There are 2 protein chains.
Amino acid sequence: MDAEAKLAALDAVCTAIAHPARRQILLTVHLRGAMTAGDIAGRFAHAWPTTTRHLTVLVEAGLLLTEKSGRHRLYTVDRARLELLKEWLGWFDPREAPEKA
Amino acid sequence: MDAEAKLAALDAVCTAIAHPARRQILLTVHLRGAMTAGDIAGRFAHAWPTTTRHLTVLVEAGLLLTEKSGRHRLYTVDRARLELLKEWLGWFDPREAPEKA
DNA sequence: TCGATATTTAGCGTACACGCTAAATATCGA
DNA sequence: TCGATATTTAGCGTGTACGCTAAATATCGA
């Protein structure tokens, strides 16, 4: 991933976690392992289509991986993508810079 | 800071860093030490008032500290506030949870 | 095949983020 | 005091994020 792609990816990640519902979804899916879209939607106050859209944003940011399994769709968290954010935060650590972010 | 305040603070931080210009401002101010509003505005493509508004968002999120000094206004980064984000990210680390986030 | 289940797509309204320019405010130097 | 400098506030237009309901799509079980 070149620098430009990395920047774009970071931007997508930051946008994705900017919404409280999406942060909650991400954390819930992470803690419970894998969840179907229905499980996720059922746990949140929003209407299903609203949650679907949040899921789409998370997938497009690469934070959620999706796997279709029959009538269900399984979502899992891709922690690697969160590393981009950690790396960015690394720039603010005292006398220490991330490898090549 | 109780849990509710912490959540609100995290939300403000996430919203603040969701915009590329604000991420850039934050990093620039951090790397250069303290900067005046004019220095910051002069370095970015946006019109002054636009940058002023971004600065306001960052200050309200607690990410920037401001100190008025005569005609100038000095901005510095409050790294402590970024810890909120690190703490949240900590929830995604394998078999390890942040102290009490 | 047919109805039920799981999920998305379509489409709409509202609120707000973010860009701008113009005008206002505050402080300093002469 | 007065003009110059530094910064914000006011106000406007546009685009888009996000909530909703209704309808469409896809897959399974009987």
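As the structure is a prediction and not an experimental result, all values here were calculated from the model.

### Observations concerning the overall build of chain A
The helix and strand tally for chain A stands at five helices and three strands. If you list the helices and strands of chain A from N to C, you get α-α-β-α-α-β-β-α. Summarising its shape, the C-alpha atoms of chain A cover approximately 50 × 25 × 20 Å along the three principal directions. Split into buried and exposed, the 101 residues of chain A put 41% on the buried side. In chain A, the proportion of contacts linking residues at least 24 apart, taken out of those at least 6 apart, comes to 50%. One finds the centroid of the 14 positive side-chain charges in chain A at a distance of 9 Å from the centroid of its 12 negative side-chain charges.

### Quick notes on the protein's contact with DNA strand C
Inspection of the region around DNA strand C gives 21 residues, with A:Gly38, B:His19, B:Thr50, B:Arg53 and B:His54 positioned closest. At the protein interface, 63% of the atoms of DNA strand C within 4 Å belong to sugar or phosphate. Separating a phosphate oxygen of DNA strand C from a backbone N or O atom of A:Arg73 is a distance of 3.1 Å. Here A:Tyr75 contributes a side-chain N or O atom positioned 2.9 Å from a phosphate oxygen of DNA strand C. Of all the secondary-structure elements, those providing two or more residues to the surface near DNA strand C are α3 (37–43), α4 (48–60) and β3 (72–77) of chain A together with α4 (48–60) of chain B. With four residues, α4(B) is the largest single contributor of residues to the surface near DNA strand C.

### Comments concerning the packing of helix α2 (residues 20–32) of chain A against α4(A)
Residue and element names in this part refer to chain A. Contact geometry of α2 with α4 gives a least axis separation of 10 Å together with a crossing angle of 75°. Taken together, the axes of α2 and α4 lie roughly perpendicular to each other. Contacts between α2 and α4 pair Ala21, Arg22, Ile25 and Leu26 from the former with Thr51, His54, Leu55, Val57 and Leu58 from the latter. Broken down by class, the residue content of the contact of α2 with α4 amounts to six nonpolar, two polar and one charged.

### Some thoughts on the packing of aromatic side chains
Residue and element names in this part refer to chain A. Tallied over the full model, the rule gives two aromatic pairs over all chains. Consider the rings of Trp88 and Phe92, whose centres lie 5.0 Å apart with planes at 65°: the pair is edge-to-face. The same class applies to Trp88 and to Phe92, which are both buried.

### What to know about the pairing of strand β2 (residues 64–69) of chain A
All names here are of chain A. For β2 and β3, the ladder comprises six bridges, and the chain directions are antiparallel. Residue pairing for β3: Thr66 is matched across the bridge by Tyr75. Between the end of β2 and the start of β3, which pair antiparallel, lie two residues, with Gly70 showing a positive phi angle near 65°.

### Quick notes on the pattern of salt bridges
Using the criterion set out here, one finds eight salt bridges over all chains in the structure. A salt bridge links A:Lys86 to B:Asp93; the nearest nitrogen and oxygen atoms lie 2.7 Å apart. In this pair, A:Lys86 is assigned in helix α5 (residues 79–90) and B:Asp93 in the segment after α5 (79–90), connecting two distinct chains. Between B:Glu87 and B:Lys6 there is a salt bridge, with its nearest N and O atoms 3.0 Å apart. Placement of B:Glu87 in helix α5 and of B:Lys6 in helix α1 (residues 3–16) is noted, with a sequence separation of 81 residues between them. For B:Lys6, a relative accessible area of 17% puts it in the buried group.

### Overview of the interface of chain A and chain B
The interface is formed by 22 residues belonging to chain A together with 22 residues belonging to chain B. Three residues stand out in chain A for area buried against chain B, namely A:Arg23, A:Trp88 and A:Phe92, and they jointly supply 29% of the buried area on that side. At the boundary of chain A and chain B, one finds eight residue pairs in polar contact (both at pLDDT 80 or more). With six residues, the top contributor of residues to the side of chain A that touches chain B is α5(A). Residues of the side of chain A that touches chain B, tallied by class, amount to 15 nonpolar, two polar and five charged.

What counts, and where the lines are drawn
Residues numbered from 1 in each chain as written. Chains lettered and ligands numbered in written order. Predicted model: local features only at pLDDT ≥ 70, side-chain atom pairs only at ≥ 80, totals over all residues. Heavy atoms only, no water. Helix = DSSP H or I, 4+ residues; strand = E, 2+ residues; numbered from the N terminus. Buried < 20%, exposed > 50% of the residue type's maximum accessible area, 1.4 Å probe, protein only. Contact = heavy atoms within 4.5 Å. Lys, Arg positive; Asp, Glu negative; His and termini not counted. Charge placed at Lys NZ, Arg CZ, Asp CG, Glu CD. Near = heavy atom within 4 Å. Polar contact = N/O pair within 3.5 Å; in protein donor to acceptor, adjacent residues only side chain to side chain. Axes fitted to C-alpha atoms, helices over the stretch in contact; angles between N-to-C directions. Parallel < 35°, antiparallel > 145°, perpendicular 65-115°, else oblique. Nonpolar A, V, L, I, M, F, W, Y, C, P; charged D, E, K, R; others polar. Phe/Tyr/Trp six-rings, centres within 6.5 Å; stacked < 30°, edge-to-face > 60°. Pairing = 2+ DSSP bridges. Salt bridge = Lys/Arg side-chain N within 4 Å of Asp/Glu carboxyl O. Buried area = accessible area lost by both parts, 1.4 Å probe.

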